[in-house]
Structure formats: C-alpha cells, structure tokens
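What follows is each chain in one-letter form.
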Amino acid sequence: MRRRVVVGEGEVQQVAAACARALRGVDVVSGEQLGEAALVERAGWLTALVGSLAAGVVQEHWNGPDLARLASGVDLVGASLPSQGWMALRRLGWSVTIPEGVYVPDRVVRIAQEQAGRVLRSAWWRAEITAALLATWPADPARRTVADWEALGTALPEGPVVATGVLLARTRQIAAFQARHRRLPAGLTECEQAPGADGQVVLAAVDKQLATLERCPQDPFRNAVLTVRLPARPAPACRADWRPVRIRFRLPPHVPATAVLCPPTLRVRQGRLLLDVPYALAVPKPERAGHRTAVAFDWGLNTLLTGGTLHLTTERQPRVVTDGHPVYFRAAGVLAKADRLRILGEYIGARIDRLRVLITSRQERGMRPNPWLVGKLAVLQTERDCVARRRARLNVALAKAAAGFMTDHAIAAGARVIYLEDLRDMQARGKGRTLNTRLSQTVRGAIVTQLRHQAAVHGIAVVIVPPRGTSKYCPRCLTAFRHHKAPNDPRAGWAWATCPNDACGYSTGRDNAAWQRIGARGLTHQHKTSLDRTSKTFVIRRVVEALDRASRVQGQTRDRTKSGPTAKRPVPGKRRRVPAPPNNRTPTRARPGGKRPAGRTSTHPTHRGQRCPRQQGPTTIGTPARPHRPDGARLGAGFHRHAHTTPTRGQPWPSHPPARSRTPGIAQETQAD
C-alpha cells in the first residue's frame, strides 16, 4: 500500500480521494459470506472503539501546555518529533486508556493515537489566534481602531495574512464567553470544549499486519480488495475476536488505472460502509509565474461566475489584451432551490424548538412527556436531517459543476493559470436581510476547493488576487466607474458600469469589467505570486501601485487580412428570416424587396411591444429570457438543470461553431460574439 509514484521531469505528485461503498465481504477465518449489514455492524464496532479511545486522549490533553508541547516539535529530551501523530504521542508519553476486559491490538491503538494527534495539532493554530486576540483585546471589540488592527497584526503568528472573517468570528466567540462569565478566557481550551472523535477509522497509521489494499487480479482497473481485521463482537476479549475480513469494492470511474492506491479511511454513514480511498498520480507541475494567457473569473449573485480570457503580449512593454468575449455561469435556479431548502429547514427547526419547550415544561412539572409529542419530535428531527443532506448534496453538485466550467474554459483557451479574487473577508451583514442571506449561502469556498483539485490534474495554477478596486475602476483607463441600472432591466440597481472619461467611454456590466481587472492584475503581478505554506495555495498578497496602474486592458481587434477564403458563419438567431420590405423610393412599379434579411427587431427606448418584450440591442448582455427547464433525471435527485453556461470556446474567433462544453449536466446557452 505504500508504493511510490514515478514522477518525471516537470511533474509533481498529486493525492486525491475517491469514495467507494462496500457491499459484501468474506470472513477469512470461517469463510462466511458477509452482506452489507454485517459489514456495517462490524465496522461500527471498530469505529466506536477507536472513537472512544481517541476522545479520551483528546480530553486528557486539552489544555494550553500540552497543545504547546505538541506544537513545539520537540519531545521531552529535545529531539524532533516525527510527523506521524501516533509516533509523536508515544514519544511524549501520552498513552491510551483501554477499557478493562477489552483486548485491543497495538495497531488499533495506533489509529486512535493518530486521530487524537491530528485533532490536537489542528487546534494549535486556533489557539495562537485566540491568544493574539486576548493579548490585544480592545475596549470596544465591535469597533476596532486602526491602532488596534495594527497591534493585532503584529501579535498574530502569520501577521496580517489571517482573514478578517476568522478574526471577527473568534472575536465574537470571546465576547460571548465574556458575557457569560464576566471575564476573559485564559485561552482556546476555555472558549471551546474538547472536540469529539470523528466516526471514522484512519488506516493510514497501520501496516499490513492489520490492513492491506491491492487491486483485484481479475479486474485491476475497476475493482480493489481491502483485507482488514474487524472485531467479531462489540467488546472483543481476546485476539481470536479480531478476524480478517476481505472486502471487494468497485473503484469510481474517475480513478485512473495508473494511480497508486493508498490506505483508505472507513466511515459508517446512514447504514452504509464507505471507504475514502486516497490515490496518488503524477500530474504536470503548475507554474506560479511566466504565464502569457490567463483566465479570470468574478463572483456574482444572479450570475455566479463571469469570466474571460486575457493575453500578455511579448512586446518590450507588455500589454494586457482581451478579445472581449465573456463567459457566464448562471445558477439562479440552483441558488433559489437551495434558498427554499434553507427556509424549510428553518421552519422545521422552529417547530422542533417549540416541541422541546412543551416536553421540558411537562417534565419540570413532574408530568410524563406526551408520547405523541415525543414521536412527532423524532419525525421532525429526521426530516431536518434529510433537508440538511439535500442542501449538502446540492452545494456539492454546484461546486463541482462550477469548477468544471472554469477548468474547461481554461483548457480551451490554452491557459495554465486561473485568477480569482479573495473574498474571504466579505461579511454578509449591513446589506439588507435578503442580500445578507444570499451572500452567506454562496458556496465560494467549496467552489475554490473543487477548482484546485480539478485544475491540478491538468497542471493549471489557481491564484487568488486582492479584490480591492476590481469593480470600481474601468479596466481600459482605470477611471472610477459610474454604476447604474442595466439598460435591459427596468428595475433599479447598480449592475451596469459606465466610464465617465470622454476619451474612453467604456460601458459594460459590472461583473464583466471586474474579471478584466482581476486578470490584468494577476498577469502584471504574477512575479509576486507566493505559495501559502499552510494551505499550499498560490496567492498574491499585496498589489504594487505602479504595476496596478500599468495593468490596463486593451481590446483585441479581429484580424481582417484576407489570407484565405472567408469562413462561413451561421446567421445569428436574432436576425429575421424574411426579406427586407420594399423601398418606397424605388422607381420601378414592382418595388421588389431587399435581397438580404434585415437586422434585429428594433426596440423603442421606453415602450416595449409584444414582439420584443425586453430591451435587447446588439451589444447588450443580459440573462436569457427563456424559462429554466429542469431535467433532474440526468443529474440525479437534488440537482436540476437550472444552471446555464456559455459554451466552451476554442481559439478566439473560430472558423467553426463552438463545441459543446464538457461540463456534464449543464444547460448551454448561446452567447453572441
């Protein structure tokens, strides 16, 4: 299970995970065929045992000195601690308390120590942030001054790199503790309770004496075999109660045949035994600088993603040019469904709280709880869990679809980098109840995580740039925009931007201008891209004013040279299919009509007719007017075809119609050039 990946020149090793389901197994000792229920039962006994042992270790060492000792990286004699959590805990002398009368193999104790070590090590970063906040606690934590923020940035372990949203969340946590106990906490261990152990079994901490994983000899490309020792009873009393079980499972289709399988993690969820199988493979190495073509995207609400392609010229003074063809990922229907599920979950939660109050009041008066209320409470709790799972599946499907959309366009454009803005510090408050809810429900973090996984397979780097000023200034001349309502939408708003500079006069959608600024800023500052050691991601932390002034975007004009025959292009759908009306000034009596179709149907600036219900001009960009067409059967329950995307393009101005996007299960919309 510990084979190495052969990495060539210009390649790096990437580790991903695939989830598989175990349906059947075989007891090696007795030869008994085990169904899914028997496997879930035995794996549940192992999970409960490991969870109790790990929780005991975490509870015993959940204090500031022990967290600092583990995070220091040295043991009691000054030697360096190993990276494995179970070995580090043994070097420190932190043992596991085994219940009396229960036999636990040493490899199972390793698993419990590994899980406890990971939990304790991950808490040290939160402990350092809490200590910095307590050391610089201001008189009014809700309104810090500039001096307070500077002092906090100096006290933080990573400086001002920590997101403001994390600091505000920790500040509210400390303020809540102060309101309850009338004093400040001593550290993280007082603000938070000891975290419980997860319901999982990490087999990466053991060797082949407890578990082995290999591909199936009959079908090595799609099946694998896991042999692991599981308890045959809830409380195993001797070594004979731990029997090896051979589990054959099917690998997901996206796992390459050349990938090296790593030790899995066992989880019991909703009566199923799931295996999280990590696999390693060699992928092209993403480069942090040296890019000439980039793809940039801007976040939005009605239009979730708006982006396009930018190029950096090879002149002595490089210029950033773009073809001006934006691409869109509109997920208004998906977000509306997620909002409906949120409202349903809140309604069920309110009913649960009311039933709990009724049951508690009867108990306080010495009366027995009403059985009808208790049964109804159990039903509502189950329903709330189902709604939560539906929301989670919908968010995962949306994140994967959006990440695939961005990756597809980067591959089609030949770009090796994708630029996004850093919106970790955006607070969903002070913008109205509706807008605050929509901002807080957007799964931006999940989309970025999925994008990094999918882009890494193709060697595409994902770089985060500072968002300040991306929607405020014109990408052509860097003049402050004037924002107003869109010309194709009668409702008031700030979706459209117009440059007040008479020499420029650029007018476009606000999101369309933002992605140009994001891409130009990333290309001009690519030499300042750094690798975050904590998250292992590329990020541009600061913007140089001189370089930012030079990041002006110029429109790329079409090459009109006649070096070959003119490519035939389809007639746009907005043009009339009938000849033009006859000209009244024609001297002939027949007055024949025109020889070519007329242009788009004219629209009145203020009055709209029945044939043209919306203001649509040759250069107007707006949301498609056609209704959503749900098609849940192709995508599975929970995610409908309510997302509209721009088809994937090849090179700029192709001589053939654009190919259909590889993004699965997403309705395509035609975007005029």
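Residues numbered from 1 in each chain as written. Predicted model: local features only at pLDDT ≥ 70, side-chain atom pairs only at ≥ 80, totals over all residues. Heavy atoms only, no water.

Peer 1: How would you sum up the pattern of salt bridges? Please name residues and give values.
Peer 2: In the structure shown here, the tally under the stated rule is 16 salt bridges. Residue Glu114 is joined to Arg118 by a salt bridge in which the shortest nitrogen-to-oxygen separation is 2.9 Å. Remark: Arg118 and Glu114 occur in helix H4 (residues 106–135); sequence separation between them is four residues, near one turn of the helix. Taking the shortest distance from any N to any O, the salt bridge between Asp241 and Arg233 comes out at 3.6 Å. By relative accessible area, Asp241 is classed as buried at 13%. Looking at Arg233, the relative accessible area reads 40%, which means it is partly exposed. What emerges from the salt-bridge pattern is a single network uniting Asp27, Arg42 and Arg243. (Salt bridge = Lys/Arg side-chain N within 4 Å of Asp/Glu carboxyl O. Helix = DSSP H or I, 4+ residues; strand = E, 2+ residues; numbered from the N terminus. Buried < 20%, exposed > 50% of the residue type's maximum accessible area, 1.4 Å probe, protein only.)

Peer 1: Got a sec to walk through the state of the cysteines? Specific residues and values, please.
Peer 2: Counted according to the given criterion, the structure contains zero disulfides. Distance from the sulfur of Cys499, which forms no disulfide, to the nearest cysteine sulfur (Cys477) is 3.3 Å. (Disulfide = S-S within 2.5 Å.)

Peer 1: Account for helix H3 (residues 85–92), with residues named and values stated.
Peer 2: Every buried residue of H3 is listed here: Gly85, Trp86, Ala88, Leu89 and Leu92. Across the axial projection of H3, the buried residues extend over an arc of 160°, all falling on one side. One or two residues past the end of H3 sits Gly93, with phi positive at roughly 85°. (Arc of directions from axis to C-beta.)

Peer 1: Tell me about the packing of H4 against helix H6 (residues 164–181), residues and numbers included.
Peer 2: Following both chains from N to C, one finds H4 and H6 inclined at 70°, their axes separated by 10 Å at the closest point. It follows that H4 is roughly perpendicular to H6 by the angle criterion. Between H4 and H6, the contacting residues are Trp125, Arg126, Ile129, Thr130, Leu133 and Leu134 on the first element and Val166, Leu167, Arg170, Thr171 and Ile174 on the second. In the contact of H4 with H6, the residues fall into seven nonpolar, two polar and two charged. (Axes fitted to C-alpha atoms, helices over the stretch in contact; angles between N-to-C directions. Parallel < 35°, antiparallel > 145°, perpendicular 65-115°, else oblique. Contact = heavy atoms within 4.5 Å. Nonpolar A, V, L, I, M, F, W, Y, C, P; charged D, E, K, R; others polar.)

Peer 1: Give me the lowdown on the environment of Pro371, citing residues and values where you can.
Peer 2: In this structure, Pro371 sits in helix H9 (residues 371–413). For Pro371, a relative accessible area of 65% translates into the label exposed. Note: C-alpha distance between Pro371 and Ile359 (12 residues apart in sequence) is 9.7 Å.

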